[in-house]
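Report on the structure
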Amino acid sequence: MVPTPLTVRAPAKVNLHLGVGEVRPDGFHELVTVFQALSLHDDVTLTPSDALTLHVTGEGVRDVPTDPTNLAARAVVALAERYGRDPNMRIDIAKGIPVAGGMAGGSADAAAALLGAATLWGLEIGRDDLDEVAATLGSDVPFSLHGHTALGTGRGERLIPALARGEFHWTLALAREGLSTPAVYRELDRLREAGDPPRAGSPDALLAAVASGDPHRLAPLLTNDLQAAALSLQPGLRRTLRAGIEAGALAGIVSGSGPTCAFLCASADDAVDVGTELAGAGVCRTVRVASGPVPGATVVP
Ligand code: C5P
């Protein structure tokens with residue numbers, strides 16, 4: 001019998017608010033963050049096989065590991081070990097999320113692989129069980145499973161769903177070079193030792209703005225403590241941020257640890273216009289438009 005493949009789609013994320021607290025004894029930073037899932041996706045297809053293999057297609061694939069260190073492979077192995085299954089399968093990842101871009105592309109693959117393997121094996125487990133495994137794989141993996149808009153605490157893995165009305169429209173400027181997340185956190189630690197860069201306050205006003213559905217209200221509240229560190233490592237991103245505002249975006253921030261810049265726009269049409277201007281201005285490698293919130297990892301029928 002020919003094995004039946006199963007495809008799971010998982011979204012990118014942007015942090016609308018990213019407050020970075022102190023370094024914990026385990027080396028992670030205490031976070032208060034508001035995630036929103038965006039309509040850029042990776043598709044992960046699992047096919048039962050006699051070996052665990054990985055195949056990656058799409059933009060930026062040369063920077064994605066195809067060995068057992070790949071987060072999707074680690075997800076399958078972790079779930080197999082926990083529930084006594086055979087992890088052998090072919091994993092095909094079709095990348096639509098920028099690689100090393102601060103948009104949780106690797107976490108999306110892990111979340112998709114977890115949900116896919118649990119479905120393939122017919123595991124009778126709840127979302128809490130899947131969340132527990134997800135959190136061992138990476139701080140953003142639980143959010144990639146859940147999607148929509150959520151408040152994240154701890155190292156980002158403890159989630160509370162947040163109310164969001166309507167649809168927000170985004171233009172994303174993808175950079176030529178990626179940034180390493182640990183390097184960006186280290187740079188923030190260095191900047192904080194050298195001085196006292198401003199810190200994000202409470203996300204309450206931002207959460208109310210998200211619930212109102214009004215992008216004009218949300219725009220001035222977008223904040224990211226990692227932005228100063230990302231700009232310090234890639235100073236050219238300042239020009240990108242400026243160009244997006246000049247092109248008509250309501251606000252622009254570095255997405256997560258960067259270097260992707262995310263621009264909030266007043267409408268879908270505006271997002272396309274901002275993207276066209278940014279592409280012409282030569283301040284980024286390429287642009288995407290997206291909207292959010294969207295659901296987390298979902299089996300494709
Ligand atoms: O959890 P994840 O593997 O995505 O984290 C990647 C790296 O980002 C960590 O090894 C750590 O250096 C940094 N990080 C952190 N504090 C967090 C999340 C990530 O310092 N809350």
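Predicted model only: the values in this text are computed from it and were never measured.

Overview of the overall build of the protein chain
In terms of helices and strands, the protein chain carries ten helices and twelve strands. For a compact globule of 301 residues, the expected C-alpha radius of gyration is about 19 Å, and the protein chain comes in at 19 Å, within 12% of that figure. Counting only C-alpha atoms and orienting by the principal axes, one finds that the protein chain spans roughly 60 × 45 × 35 Å. Out of the 301 residues in the protein chain, the part that is buried amounts to 51%. Pairs at least 24 residues apart make up 76% of the contacts formed inside the protein chain by residues separated by at least 6 positions. Roughly 13000 Å² of accessible area belongs to the protein chain as shown, and the carbon and sulfur atoms make up 53% of that amount. Side-chain charges of the protein chain comprise 24 positive and 34 negative groups, with the mean position of each set lying 3 Å from the other.

Points about the pairing of strand S6 (residues 158-161)
Each regular strand carries side chains that alternate between the two faces of the sheet. Pairing geometry for strand S5 (residues 149-153) and S6, over four bridges, is antiparallel. Residue Gly-152 lies in a different strand from S6, and its bridge partner there is Leu-159.

Quick notes on the site of the ligand
Taken together, Gly-27, Phe-28, His-29, Leu-31, Gly-138, Ser-139, Arg-155, Thr-181, Pro-182 and Tyr-185 form the complete shell of residues around the ligand. Between the ligand and Ser-139 there is a distance of 2.5 Å, counted from an oxygen atom to a side-chain nitrogen or oxygen. Notes on the ligand: free accessible area 450 Å², of which the protein chains cover 74%. At three residues, the largest contribution of residues to the shell around the ligand is made by helix H5 (residues 181-194). Here the residues of the shell around the ligand sort into four nonpolar, five polar and one charged.

Notes on the pattern of salt bridges
Under the definition given, this model contains 13 salt bridges. Measuring nitrogen to oxygen at the nearest pair gives 2.5 Å for the salt bridge that ties Glu-59 to Arg-288. With Glu-59 in the loop between strand S3 (53-58) and helix H1 (71-83) and Arg-288 in strand S11 (residues 286-292), this residue pair connects regions lying 229 residues apart in the sequence. One connected set of salt bridges, linked through shared partners, spans Arg-24, Asp-26 and Glu-30.

Topic: the packing of H1 against helix H3 (residues 127-137)
Packing of H1 against H3 brings their axes to within 10 Å, and their N-to-C directions diverge by 130°. Overall, the two elements H1 and H3 adopt an arrangement that is oblique. Where H1 crosses over H3, the handedness of that crossing is right-handed. Counted together, Leu-71, Arg-74, Ala-75, Ala-78, Leu-79, Arg-82 and Tyr-83 of H1 and Asp-129, Leu-130, Glu-132, Val-133 and Leu-137 of H3 form the full contact between these two elements. Among the residues making up the contact of H1 with H3, the classes are represented as eight nonpolar, no polar and four charged.

Comments concerning the confidence of the model for the protein chain
Scored by pLDDT, the protein chain has a mean of 96; 100% of the residues are at 70 or more. Scored as a complex, the prediction yields pTM 0.97 and ipTM 0.97.

Re the sheet that holds S11
Taken in spatial order, the four strands make up an open sheet running S9-S10-S7-S11, and their pairing is antiparallel. Whereas interior strands pair on both sides, the edge strands pair on one side only; in this sheet they are strand S9 (251-254) and S11. The sheet shows a mean angle of 25° between the axes of neighbouring strands, direction not considered. With five bridges connecting them, strand S7 (residues 168-174) and strand S10 (residues 261-265) associate as antiparallel partners. Along S10, the bridge assignment pairs Ala-173 with Cys-261. Where helix H9 (residues 237-246) meets the sheet, it contacts S7, S9 and S10, and its direction lies at approximately 10° from that of S10. The sheet strands contacting helix H10 (residues 268-281) are S7, S10 and S11, and the helix crosses S7 at an angle near 10°.

A closer look at the packing of aromatic side chains
Scanning the model with the defined rule gives one aromatic pair in all. Relative to Phe-143, the ring of Phe-35 has its centre 4.5 Å away and its plane inclined at 10°; by these criteria the two rings are stacked. You can see Phe-35 sitting in strand S2 (residues 29-48) and its partner Phe-143 sitting in helix H4 (residues 141-146), a full 108 residues away along the chain. Summarising the burial analysis for this pair, Phe-35 and Phe-143 share the class buried.

What counts and how
- Residues numbered from 1 in each chain as written.
- Predicted model: local features only at pLDDT ≥ 70, side-chain atom pairs only at ≥ 80, totals over all residues.
- Heavy atoms only, no water.
- Helix = DSSP H or I, 4+ residues; strand = E, 2+ residues; numbered from the N terminus.
- Rg over C-alpha atoms; globule rule 2.2 N^0.38 Å.
- Buried < 20%, exposed > 50% of the residue type's maximum accessible area, 1.4 Å probe, protein only.
- Contact = heavy atoms within 4.5 Å.
- Areas by Shrake-Rupley, 256 points an atom, 1.4 Å probe, with all protein chains shown as cover.
- Lys, Arg positive; Asp, Glu negative; His and termini not counted.
- Charge placed at Lys NZ, Arg CZ, Asp CG, Glu CD.
- Pairing = 2+ DSSP bridges.
- Near = heavy atom within 4 Å.
- Polar contact = N/O pair within 3.5 Å; in protein donor to acceptor, adjacent residues only side chain to side chain.
- Nonpolar A, V, L, I, M, F, W, Y, C, P; charged D, E, K, R; others polar.
- Salt bridge = Lys/Arg side-chain N within 4 Å of Asp/Glu carboxyl O.
- Axes fitted to C-alpha atoms, helices over the stretch in contact; angles between N-to-C directions.
- Parallel < 35°, antiparallel > 145°, perpendicular 65-115°, else oblique.
- Left-handed = near helix turned anticlockwise from the far one by under 90°.
- pLDDT = per-residue confidence, 0-100.
- Phe/Tyr/Trp six-rings, centres within 6.5 Å; stacked < 30°, edge-to-face > 60°.

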